[in-house]
Amino acid sequence: MSLSSTSKLKALIFDVDGTLADTERVHLAAFNHAFKEMGMDWVWDEALYTELLEISGGKERILHYWKQVNPDIKALNAQDLNDRIGRIHELKTAAYENAVNNGEVSLRPGVLRLMDEALAAGLQLAIATTTSPVNISALLRHAIGPDWRLNFTAIGDASTAPIKKPHPQVYLQMLDALQLPAAQCLAFEDSSNGLRSATAAGLATIVTPNAFTAHHDFTGALKVVPDLSQVKLLQLRQWHAARAK
């Protein structure tokens, strides 16, 4: 089999938060809303949240911060702690979904056009994220419409891939679901953890940083571009083919 046939681009795999849409400020507001609802005195500002984004997963982020501000967290038994974190996360997710439904989040420039172009050319699309299914659904239902799932061959999220990025679990699952080798796919990410996750699965990765991730190390990315507004499928194919050689 020739190099061109074994490495031909056949699928695009997208991260969600920060990549498909600039969601992080809305997530931050939703966390603070949840803390207030729970009667907690926590208030996360953007500088702190930028640091906390080094931890993948909302529940994991809450636990990490809790351990920072309360080293004696062991005073709560594990079940009580999990229940509290679960309740905070439920309130946060509901606040985020409400914000998305109110039009406070939109897809980043070029994302929808590139997806449409890829689908029209017969490529498969997939999602590989550590966020919860309800967050994905809220965002894409609002941006694409009620039948948004029909655009994606496979969706990997916090419910299917419990081991968070930078572990490659979610990307390995998506390659398996797509039934394609990594050499025939491209990943899209916005963070260092996401890049490490994708490249550990063998995927060439396009990075579109945002205000919360611009300072990250993107060594190993195929390309780093401000957004996808100037990126066409032909260019992706050229970058992908050059990497294969």
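Right, let's walk through the structure included here. Every value quoted in this text rests on a predicted model; they were computed, and no experiment measured them. All residue numbers refer to position in the chain's written sequence, counted from 1. Selection of residues for local features in this predicted model requires a pLDDT of at least 70, selection of side-chain atom pairs for listing and counting requires 80 or more, and totals for whole chains, interfaces and linings are taken over all residues. Water and hydrogen atoms play no part in the side-chain values, which are based on all heavy atoms of the structure.

### Some details on the overall build of the protein chain
Then, number 1: Runs of E in the DSSP output that reach at least two residues are strands. Runs of H or I that reach at least four are helices, and both are numbered from the N terminus. The secondary structure content of the protein chain amounts to 10 helices and 6 strands.
Then, number 2: Each radius of gyration is computed over the set of C-alpha atoms, and the globule rule expresses the reference value as 2.2 Å times the number of residues to the power 0.38. The C-alpha radius of gyration computed for the protein chain amounts to 18 Å, which stays within 12% of the reference 18 Å derived for 245 residues, consistent with globular compactness.
Then, number 3: Across its three principal axes, the protein chain shows a C-alpha extent of roughly 60 × 35 × 30 Å.
Then, number 4: Considering the protein chain as a whole, with its 245 residues, one finds that 51% of them fall into the buried category.
Then, number 5: Note on contacts: a residue pair qualifies if any of its non-hydrogen atoms lie within 4.5 Å across the two residues. Relative to all contacts within the protein chain whose residues are 6 or more apart in sequence, the contacts with residues 24 or more apart total 66%.
Then, number 6: Method for areas: the Shrake-Rupley scheme with a 1.4 Å probe, in which residue coverage is limited to the protein chains shown. Entry remark: accessible area of the protein chain is about 11,400 Å², with carbon and sulfur atoms responsible for 51%.
Then, number 7: Charge convention: Lys and Arg are scored as positive, Asp and Glu as negative, and His as well as the terminal groups of each chain are ignored. Note on charges: their place is set at NZ of Lys, CZ of Arg, CG of Asp or CD of Glu. Averaging the positions of the 23 positive and the 26 negative side-chain charges in the protein chain gives two centres separated by 7 Å. Buried, partly exposed and exposed residues are distinguished by accessible area as a fraction of the type maximum, computed with a 1.4 Å probe on protein chains only: under 20%, between the cut-offs, and over 50%, respectively.

### Side note on helix 2 (residues 24–37)
Then, number 1: By definition here, a helix of n residues has an expected span of 1.5 Å times n minus one. With 14 residues, helix 2 ought to run about 20 Å at 1.5 Å a step, and its terminal C-alpha atoms sit 20 Å apart, in line with that.
Then, number 2: Restricting attention to buried positions, one finds in helix 2 the residues Glu24, Val26, His27, Leu28, Ala30, Phe31, Asn32, Ala34 and Phe35.
Then, number 3: Residues of helix 2 that are buried make contact with helix 3 (46–52), helix 4 (58–69), helix 5 (78–101) and helix 7 (133–143).
Then, number 4: Positive phi shows up at Gly39, right after helix 2, with a value of about 75°.

### Observations concerning the pairing of strand 2 (residues 124–128)
Then, number 1: Summarising burial for strand 2: 4 of the 5 residues are buried, a large majority.
Then, number 2: One ladder, built from 3 bridges, connects strand 2 with strand 3 (residues 154–156); its direction is parallel. Across the sheet, residue Ile127 finds its bridge partner in strand 3, namely Ile155.
Then, number 3: For crossovers, right-handed means that the path from the first strand over the helix to the second runs clockwise, given strands pointing away from the viewer. Read as a crossover between parallel neighbours, the route from strand 2 over helix 7 to strand 3 is right-handed. Strands are treated as partners if at least two bridges between them are detected by DSSP.

### Concerning the sheet that holds strand 3
Then, number 1: Strand order in the open sheet formed by 6 strands is 3-2-1-4-5-6, with parallel pairing between adjacent strands. One side of each edge strand has no neighbouring strand; the edge strands of this open sheet are strand 3 and strand 6 (223–224).

### So, the pattern of salt bridges
Then, number 1: Here, a salt bridge means any Lys or Arg side-chain nitrogen found within 4 Å of an Asp or Glu carboxyl oxygen. One pass over the full model with this rule turns up 7 salt bridges.
Then, number 2: With its nearest N and O atoms 3.0 Å apart, the salt bridge here joins Lys165 to Asp15. Of the two residues, Lys165 sits in the loop between strand 3 and helix 8 (169–178) while Asp15 sits in the loop between strand 1 (11–14) and helix 2, which places them 150 residues apart along the sequence. Across the pair, Asp15 and Lys165 agree in class, each one buried.
Then, number 3: Linking Glu60 and Lys164 is a salt bridge whose minimum nitrogen-to-oxygen distance equals 3.1 Å. Taken together, the residues Glu60 in helix 4 and Lys164 in the loop between strand 3 and helix 8 connect sequence positions 104 residues apart.
Then, number 4: The structure contains a network of salt bridges with shared partners spanning Asp15, Lys165 and Glu189.

### Observations concerning the environment of Gly86
Then, number 1: Note on placement: Gly86 falls in helix 5.
Then, number 2: Gly86 sits 27 residues away from Lys59 along the chain, and the two C-alpha atoms are 7.1 Å apart.

### A closer look at the packing of aromatic side chains
Then, number 1: The aromatic pairing rule takes the rings of Phe, Tyr and Trp, using the six-membered ring of Trp, and pairs them if the centres are within 6.5 Å, calling planes under 30 degrees apart stacked, those over 60 edge-to-face and the rest tilted. For the structure on display, the rule yields 12 aromatic pairs.
Then, number 2: A centroid spacing of 6.1 Å and a plane angle of 25° characterise the contact between Trp44 and Tyr49, whose relative ring orientation is stacked.
Then, number 3: On the accessibility criterion, Trp44 (2% relative accessible area) is buried.
Then, number 4: Centre to centre, the rings of Tyr49 and Phe212 are 6.0 Å apart; their planes meet at 85°, and the pair counts as edge-to-face. Pair noted here: Tyr49 is in helix 3 and Phe212 is in the loop between strand 5 (204–207) and strand 6, with a separation of 163 residues, a long-range link.
Then, number 5: Among the residues examined, Tyr49 registers a relative accessible area of 0% and is labelled buried.
Then, number 6: The exposure class of Phe212 is buried, given its relative accessible area of 4%.
Then, number 7: Put simply, the rings of Phe31, Phe35, Trp42, Trp44, Tyr49, Tyr65, Trp66 and Phe212 pair up and form one aromatic cluster.
Then, number 8: A positively charged side chain is recorded as over a ring if its NZ (Lys) or CZ (Arg) lies within 6 Å of the ring centre. The angle to the ring normal must also be within 35 degrees. The ring of Phe31 has Lys92 sitting right over it, with the charged end atom 4.8 Å from the ring centre.
Then, number 9: Note that Lys92 overlies the ring of Tyr96, its terminal NZ or CZ placed 5.4 Å from the centroid.

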